[in-house]
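Breakdown of the fold
Each chain, letter by letter, is given below.
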Amino acid sequence: MARSVQLDDSWLEHLEVEFEKPYMIALRQFLLQEKHAGKIIYPKGSDIFAALNLTPLQRVKVVIIGQDPYHGPGQAHGLCFSVPPGVSAPPSLKNIFKEIGTDEDVKIPVYSAHQCNLVPWARQGILLLNSVLTVEHKKAGSHQGKGWESFTDKIVETLNASREGVVYLLWGSYAQRKGSIVNRQKNLVLTSPHPSPLSAHRGFFGCQHFSRTNTYLRQHGHREIDWSLVN
């Protein structure tokens, strides 16, 4: 399976063995069966590993962990919280932009559809990683427990073992469990409630994760993140 996957070499070096493990073979069979049954799966196949391909291992400076892809038409494109150009910001992303606006004084026009694509963040070294990489149309969480979690656990393990000085932004209990293995002595781990409208007012707003990220990066000799999405 690994040979048929378009994956950046820096990640493939560490993850290739995963594609031959029983859990990953079973996951591939599940996805093929779903496709043959006529089910619509997001994102499209070429975007499933977009987070890894846009942010090679050696360039990762920040990690944001999501749960699973958006399940509406045209939303998911392989980056957590992000939507493609021409798609309006979902509620959690709007709240992320609001916090950036107050924290970093960066005013992102959140109702302008072309501004909701987070590819510029990925290209600066932000790994926008969902725990589950696929989902069925209009069925949130439908591919949980099928094997993706083991694969993305391996991604976090790889980062933790091979890199240090990385900032992990863990929003909500799900992401915090996913990032529990991260060495807090060698990396900066920032936690808060999820930016969802259901929880953002319980501590995501005011968390100042974006300015704190840049302070840490600057102190460790790295270029700060431009959160404005104009690059």
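First, a word on scope: everything that follows refers to the structure included in this document. All of these numbers come straight from a predicted model, not from anything done at the bench.

**Overview of the pairing of strand β2 (residues 62–66)**
Most of β2 is tucked away, with five of its five residues classed as buried. Alternating residues of β2 divide into Val62, Ile64 and Gly66 and Val63 and Ile65, and every residue in both groups is buried. Both β2 and strand β3 (residues 126–130) contribute to a ladder of five bridges, which runs parallel. Looking at β3, one finds that Gly66 is bridged to Asn130. Pairing of β2 with strand β5 (residues 167–171), which is carried by three bridges, proceeds in the parallel orientation. Of the residues in β5, the one forming a bridge with Val62 is Val167.

**A look at the nonpolar core**
Trp11, Phe49, Ile64, Trp121, Leu127, Trp148 and Phe151 are the most contacted members of the largest nonpolar core, which has 69 residues in total. Leave out the neighbours within four places in its chain, and Ile64 touches Cys80, Phe81, Trp121, Ile126, Leu127, Leu128, Leu129, Leu169 and Trp171.

**Re the side chain of Ser10**
Mapped onto the secondary structure, Ser10 falls in helix α1 (residues 9–15). For Ser10, a relative accessible area of 13% corresponds to the buried category. Engagement of the side chain of Ser10 in a polar contact is seen with the side chain of Asp8, the distance being 2.4 Å. Within the structure, Ser10 has its side chain in polar contact with the side chain of Gln58 (distance 3.5 Å). Every residue in contact with Ser10, bar those within four places of it in the chain, is listed here: Pro56, Leu57 and Gln58.

**As for the side chain of Glu18**
Relative to the helices and strands, Glu18 is located in the loop between α1 and α2 (22–36). Classification of Glu18 by relative accessible area gives buried; the value is 4%. A distance of 2.7 Å separates polar atoms of two side chains, one belonging to Glu18 and the other to Tyr23. In contact with Glu18, other than residues within four places in its own chain, are Tyr23, Met24, Phe151 and Lys154.

**Quick word on the sheet that holds β2**
Read from one edge to the other, the open sheet built from four strands follows the order β3-β2-β5-β6, with strand pairing classed as parallel. Looking at strand neighbours, the two that pair on one side only are β3 and β6 (188–192), the edges of this open sheet. Averaged over all pairs of adjacent strands, the angle between strand axes in this sheet comes to 20 degrees, irrespective of strand direction. Packing of helix α6 (residues 148–162) onto the sheet brings it into contact with β2, β3 and β5, and relative to β3 it is tilted by some 150 degrees.

**Considering the packing of aromatic side chains**
Within a pair of aromatic rings, the relevant descriptors are the distance that separates the centres and the angle that separates the planes. All chains considered together, the criterion is met by 11 aromatic pairs. Centroid distance Phe19 to Phe49: 6.0 Å. Interplanar angle 75 degrees. Geometry classified as edge-to-face. With a gap of 30 residues between them, Phe19 in the loop between α1 and α2 and Phe49 in the loop between β1 (41–42) and α3 (50–54) connect regions that are remote in the sequence. Grouping residues by exposure puts Phe19 and Phe49 together as buried. Centroid distance Trp171 to Phe204: 5.2 Å. Interplanar angle 80 degrees. Geometry classified as edge-to-face. With Trp171 in strand β5 and Phe204 in the loop between β6 and α8 (209–219), this pair connects stretches of sequence that are 33 residues apart. Of the two residues examined, Trp171 and Phe204, each falls in the buried class. Taken together, the aromatic side chains of Phe81, Trp121, Trp171, Phe204, Phe205, Phe210 and Trp227 make up a single cluster linked through ring pairs.

**Considering the packing of helix α4 (residues 91–103) against α8**
Packing of α4 against α8 brings their axes to within 8 Å, and their N-to-C directions diverge by 60 degrees. Here α8 runs oblique to α4, going by the angle between their axes. Between α4 and α8, the contacting residues are Ile96, Glu99, Ile100 and Asp103 on the first element and His209, Phe210 and Ser211 on the second. Of the residues contributing to the contact of α4 with α8, the split by class is three nonpolar, two polar and two charged.

Basis of the calculations
Residues numbered from 1 in each chain as written. Predicted model: local features only at pLDDT ≥ 70, side-chain atom pairs only at ≥ 80, totals over all residues. Heavy atoms only, no water. Buried < 20%, exposed > 50% of the residue type's maximum accessible area, 1.4 Å probe, protein only. Helix = DSSP H or I, 4+ residues; strand = E, 2+ residues; numbered from the N terminus. Pairing = 2+ DSSP bridges. Core = buried A, V, L, I, M, F, W, Y, C linked by side-chain atoms within 4.5 Å. Contact = heavy atoms within 4.5 Å. Polar contact = N/O pair within 3.5 Å; in protein donor to acceptor, adjacent residues only side chain to side chain. Axes fitted to C-alpha atoms, helices over the stretch in contact; angles between N-to-C directions. Phe/Tyr/Trp six-rings, centres within 6.5 Å; stacked < 30°, edge-to-face > 60°. Parallel < 35°, antiparallel > 145°, perpendicular 65-115°, else oblique. Nonpolar A, V, L, I, M, F, W, Y, C, P; charged D, E, K, R; others polar.

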